[in-house]
Amino acid sequence: MKSKSIICCILFQIILLTSCNNISKENKTQNTDTKTKDSAIVRGTPCDIKLSQIHFTKSINGADTLAKVDAKENILFHVGEKKDYFSDPNNKLSNNSAPILLSKVDNTKPFTLTAKISPEFTKEGLYNAGVLYIYVNDNFYQKFCFEQDERGNHRIVTVRTIGTSDDNNHDVVEGKTVYMKISSDTETVASYYSLDNKNWQMVRLYKNNYPEEIWTGISTQCPVDKGTTSYFEDISLEQKSVKDFRLGI
């Protein structure tokens, strides 16, 4: 009888352990599929730059002191030498010193961030760029750049950072000005550019696995040269998404 009791006890413990493991797995799956509450840990400082179509309330790396708003609500955004935001997989080029202006977004609702961007491209300005951001923290963000590449081309670039950064070079654009936007319907996030603000080209689309509250914003980067300035026009942040994610309209 004692032997049977011991066996029953062992079987009960095995069943209990298996049940707990299954519950744990289910919880992990639910956490992956459901947006978490705000985990946007911004190491910057409060600011108050209010335009008619967007309100910047957070500044990283002194961005609010470097962004000058003109009478038309456009922003001349200066940056000093060797300023970038990139988490190199090899850790050789990691640099989180670029200034970023941020505006908080309710990510449980659709949103679209748009701007017309004119970076200062120069012969020595390798990787100079005007940038749009989705930002959660220094280990979780996307930047969308109009950037000068190694051959001096003006190129559309997306970089998504989840721990470390990827680096995706897209189309070469003739000229020094481009319209750019990032849009989400709460389920997906897509990035687009346009030369005329009418015909949009999608360059990247992925699952929106960001938390319930995130930040979007603008930045200028100058990873190599001694400094640069980008000009941002028609900046807007709306709580609605594009209707056609392939056409971007």
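Here is a short report on the structure shown in this document. (Residues numbered from 1 in each chain as written. Predicted model: local features only at pLDDT ≥ 70, side-chain atom pairs only at ≥ 80, totals over all residues. Heavy atoms only, no water.)

**Overview of the environment of D48**
Piece 1. Mapping D48 onto the fold places it in strand 1 (residues 45–50).
Piece 2. The exposure class assigned to D48 is exposed, which follows from its relative accessible area of 59%.
Piece 3. Counting along the chain gives 16 residues from D48 to D64, while the straight-line C-alpha distance between them is 8.3 Å.
Piece 4. With near-sequence residues (within four places) excluded, D48 lies in contact with H55 and F56.
Piece 5. Among the polar contacts made by the side chain of D48, one reaches the side chain of H55 at a distance of 2.6 Å. (Helix = DSSP H or I, 4+ residues; strand = E, 2+ residues; numbered from the N terminus. Buried < 20%, exposed > 50% of the residue type's maximum accessible area, 1.4 Å probe, protein only. Contact = heavy atoms within 4.5 Å. Polar contact = N/O pair within 3.5 Å; in protein donor to acceptor, adjacent residues only side chain to side chain.)

**With respect to unusual backbone geometry**
The bulk of non-glycine residues show a negative phi, and the bulk of peptide bonds are trans.
Piece 1. Located in the positive-phi region is Y127, a residue other than glycine, with phi close to 70 degrees.
Piece 2. Residue placement: Y127 occurs in the loop between strand 8 (111–119) and strand 9 (129–137).
Piece 3. Using a relative accessible area of 26% as the deciding quantity, one classes Y127 as partly exposed.
Piece 4. Not every positive phi belongs to a glycine, and N197 is a case in point at roughly 65 degrees.
Piece 5. With respect to the helices, strands and loops of the structure, N197 is situated in the loop between strand 15 (188–194) and strand 16 (200–207).
Piece 6. Since its relative accessible area comes to 39%, N197 is described here as partly exposed.

**Describing the pattern of salt bridges**
Piece 1. Scanning all chains against the criterion turns up seven salt bridges.
Piece 2. In this structure, K116 engages E233 in a salt bridge whose closest nitrogen and oxygen atoms are separated by 3.9 Å. With K116 in strand 8 and E233 in strand 18 (residues 227–238), the pair connects residues that are 117 residues apart, well separated along the chain. This pair shows no difference in class: K116 is buried, exactly as E233 is.
Piece 3. Measuring nitrogen to oxygen at the nearest pair gives 2.6 Å for the salt bridge that ties D166 to R204. Here D166 is found in the loop between strand 12 (164–165) and strand 13 (168–172), whereas its partner R204 is found in strand 16, with 38 residues between them in sequence.
Piece 4. Residue classification places D166 among the partly exposed positions, given a relative accessible area of 26%.
Piece 5. Note on R204: relative accessible area 15%, which makes it buried. (Salt bridge = Lys/Arg side-chain N within 4 Å of Asp/Glu carboxyl O.)

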